[in-house]
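# Structural overview for review
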Amino acid sequence: MDTILNYIGGRHVPAASGNHLDNVSPLTGEIYALIPDSGQSDVDAAVRAAQDAFPVWSQMPPEDRSAIMLRLADLIAIHAEQLAQAETRDSGKPIHHSRNVDIPRAEANIRFFATAILHTHAEAFHTRAGVLNYTNRKPLGVVACISPWNLPLYLFTWKIAPALAAGNCVVAKPSEITPMTAYLLSELCREAGIPAGVINVVHGLGPRAGQAMVEHPLVKAISFTGGTATGAAIASAAAPRFKKLSLELGGKNPNIIFADCDYDKMLRTTLRSSFSNQGQICLCGSRILVERGLFDRFMQDFTALARELVPADPREESSRMGALVSESHMNKVLSYVQLARNEGGTVHCGGERVLLSGELSGGFYMSPAVISGLGPECRTNQEEIFGPVVTVTPFDREEEAITMANGTAYGLSATVWTRDLDRAHRVASRLDSGIAWINTWLLRDLRTPFGGVKNSGIGREGGEEALRFFSEIQNVCVDFGSAPTL
Ligand code: NDP
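Residues numbered from 1 in each chain as written. Predicted model: local features only at pLDDT ≥ 70, side-chain atom pairs only at ≥ 80, totals over all residues. Heavy atoms only, no water.

### Comments concerning the overall build of the protein chain
Where we set the bar: Put simply, DSSP H or I for four residues or longer makes a helix, DSSP E for two residues or longer makes a strand, and each gets a number counted from the N terminus. Exposure categories follow from relative accessible area, calculated using a 1.4 Å probe and restricted to protein chains: below 20% of the type maximum is buried, above 50% is exposed, and the middle band is partly exposed. We call two residues in contact when some of their heavy atoms are within 4.5 Å. A positive count includes Lys and Arg, and a negative count includes Asp and Glu. His and the chain ends are not counted in either. Charge positions come from single atoms, namely NZ of Lys, CZ of Arg, CG of Asp or CD of Glu.
A count of helices and strands for the protein chain gives 15 helices and 23 strands. The buried share of the protein chain, reckoned over its 486 residues, is 59%. Restricting to contacts in the protein chain with at least 6 residues of sequence separation, those with at least 24 account for 74%. One finds the centroid of the 44 positive side-chain charges in the protein chain at a distance of 3 Å from the centroid of its 51 negative side-chain charges.

Structure (structure tokens):
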């Protein structure tokens, strides 16, 4: 049995209470590690360690902070295979995904912000002759980073990298469902020479450990990625304390397919955007809207491809459909397939639990589901399912597609498939989403702003936006005009 420890003030320690939580591998359904069940005193110790480390880290020249962070990126690269295997065991995702997406991106996140901090600039405003305004950017102090289970190390590093690069000290909590790679990273942080207390990792339950971080008076900002309901709870705890808040929340993303698209590219990409990581990516396009002339052909081809996505041992390089992250999550996703049937939908394939053999027989596998025949207002088309389940709906006119696309409480991302350049830009500009992809999906540039509108969140991550979030901007106004006459 592996034992995961908190990382506080440069030391690996158990929860002060000595209590632990079970860590289940979705591959097998078996407990394979113990996690500290941290509470307020653990969070308080971590925040105080971060507060003590802040003067040294914040005043360190950016070149030195950058060099230490680049060492961490190098260590992630050196340990990439170990991290990929740990991620797959902890989250159930195919090793192909861990090797090619999660771990390389974790390394890239650290490298990107370690170098971005060398290229920042201040603003200056010449107000009139003899009067100059300029801005100072200062780190905030101690910040909290709370991340979800779907892309564990990828999203953990996406938050801690800009926070650290901007000179803050961090108290971070990964999801208690997938804590392993954050734990392994904390070992690498020490090896990289990040000073004690600069990064602290506290494991435990959201409502206990997470809530204690959100409420702690010394925590100046909270960067959160997770579900919309949790985001609302965090916002209501943080608002009266006037903490800076970045919320990256759920989605119900439309994938709009016009008949004039590059069909083969669209089909391949739509399979990925529907079912990558078992559909557990906030950016997955779970509502596929297809122009009527293409609908039958699309349904036939897409369903055939979805049927080929058979869950298989995630540790095998060839596996493209792994396990869902937990039994309760799998049951929730399966219940949505039943809901779709109750709402009058037709399930064309999948939507069933799949039992693998041998040691994987207790794992949380299901076949990807393709559903049609549902109206845009039904719950299946309105609520985030966050699993390998898509609905397909025909449309006749561009306007109708836009109305359906915008017709949920969410607004994270959207995809548009068309060869008509005018229409591509026109439709993208009218979508209520923080991100719109045209003829592609999940093509990311870390400099671009990332985030959602409506119930999908507040604020933007990525590049400059993240560095701004993790700093306080001070304006200095100087009057250096001629000496006043007496
Ligand atoms: P949750 O909201 O359940 O949890 C996210 C994190 O918040 C976890 O670390 C959780 O801890 C913690 N947490 C839970 N309750 C509290 C609380 N009261 N105070 C502080 N922290 C708390 O999300 P999931 O982990 O289930 O992740 C899936 C969700 O994340 C989906 O809705 C998905 O759309 C969204 N997501 C959004 C992304 C985006 O960029 N917009 C990207 C990826 C996912 P614990 O796990 O221990 O409960």
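### Topic: the pairing of strand E20 (residues 413-417)
Keep this limit in mind: Two strands make a pair as long as DSSP finds a minimum of two bridges between them. Looking down the strands as they point away from you, a crossover is right-handed if its path from the first strand over the helix to the second goes clockwise.
For E20, a buried count of 5 out of 5 residues is recorded, marking the element as mostly surrounded by other parts of the structure. On E20, burial covers both faces: Ser413, Thr415 and Trp417 on one face and Ala414 and Val416 on the other are all buried. Relative to E20, strand E13 (residues 254-257) runs parallel, the two being bridged by 3 bridges. Residue pairing across strands places isoleucine 256 opposite valine 416, the latter belonging to E20. For E20 and strand E21 (residues 435-438), the ladder comprises 4 bridges, and the chain directions are parallel. From the neighbouring strand, alanine 414 faces E21, where its bridge partner is alanine 436. Handedness of the crossover joining E20 and E21 through helix H14 (residues 421-430) is recorded here as right-handed.

### Topic: the packing of aromatic side chains
The condition that has to hold: In this scheme Phe, Tyr and Trp rings, the latter by its six-membered ring, pair at centre separations within 6.5 Å, and the angle between planes marks the pair as stacked below 30 degrees, edge-to-face above 60, and tilted otherwise. Either the NZ atom of lysine or the CZ atom of arginine qualifies as a charge over a ring when it sits within 6 Å of the ring centre and within 35 degrees of the ring normal.
Using the criterion set out here, one finds 7 aromatic pairs in the structure. Here the aromatic rings of phenylalanine 258 and phenylalanine 395 are separated by 5.3 Å at their centres, their planes lie at 80°, and the arrangement is edge-to-face. Of this pair, phenylalanine 258 sits in the loop between E13 and helix H9 (263-275) while phenylalanine 395 sits in strand E19 (residues 389-395), placing them 137 residues apart in sequence. Phenylalanine 395 carries the same exposure label as phenylalanine 258, and that label is buried. Feature note: the residues Phe112, Phe113 and Trp158 constitute an aromatic cluster, connected by ring pairs. Seen from the ring of tryptophan 158, arginine 105 lies directly overhead, with NZ or CZ sitting 4.7 Å from the centre. Against the face of tyrosine 263 rests arginine 297, its NZ or CZ located 3.6 Å from the ring centre.

### So, the domain arrangement of the protein chain
Keep this limit in mind: Delimitation of the domains relies on an automatic or database domain assignment. Computed with a 1.4 Å rolling probe, the buried area is the accessible surface lost when two parts are put together, summed over both parts. The term salt bridge refers to a pairing of a side-chain nitrogen on Lys or Arg with a carboxyl oxygen on Asp or Glu at a separation within 4 Å.
The assigned domain composition of the protein chain is domain 1 (2-249 + 456-475) and domain 2 (254-438). When each unit is reduced to the centre of its C-alpha atoms, the spacing between domain 1 and domain 2 is 30 Å. Tallying the contact residues gives 24 residues for domain 1 and 29 residues for domain 2. Here domain 1 packs against domain 2, burying approximately 2100 Å² in sum over the two surfaces, 59% of which is carbon and sulfur. For domain 1, the biggest contributors to the area lost against domain 2 are Leu27, Trp149 and Ser456; these three give 26% of the whole. Counting every contact that joins domain 1 to domain 2 gives 1 salt bridge. Among the ionic pairs, glutamate 317 bridges to arginine 99, the shortest N-O distance being 2.5 Å.

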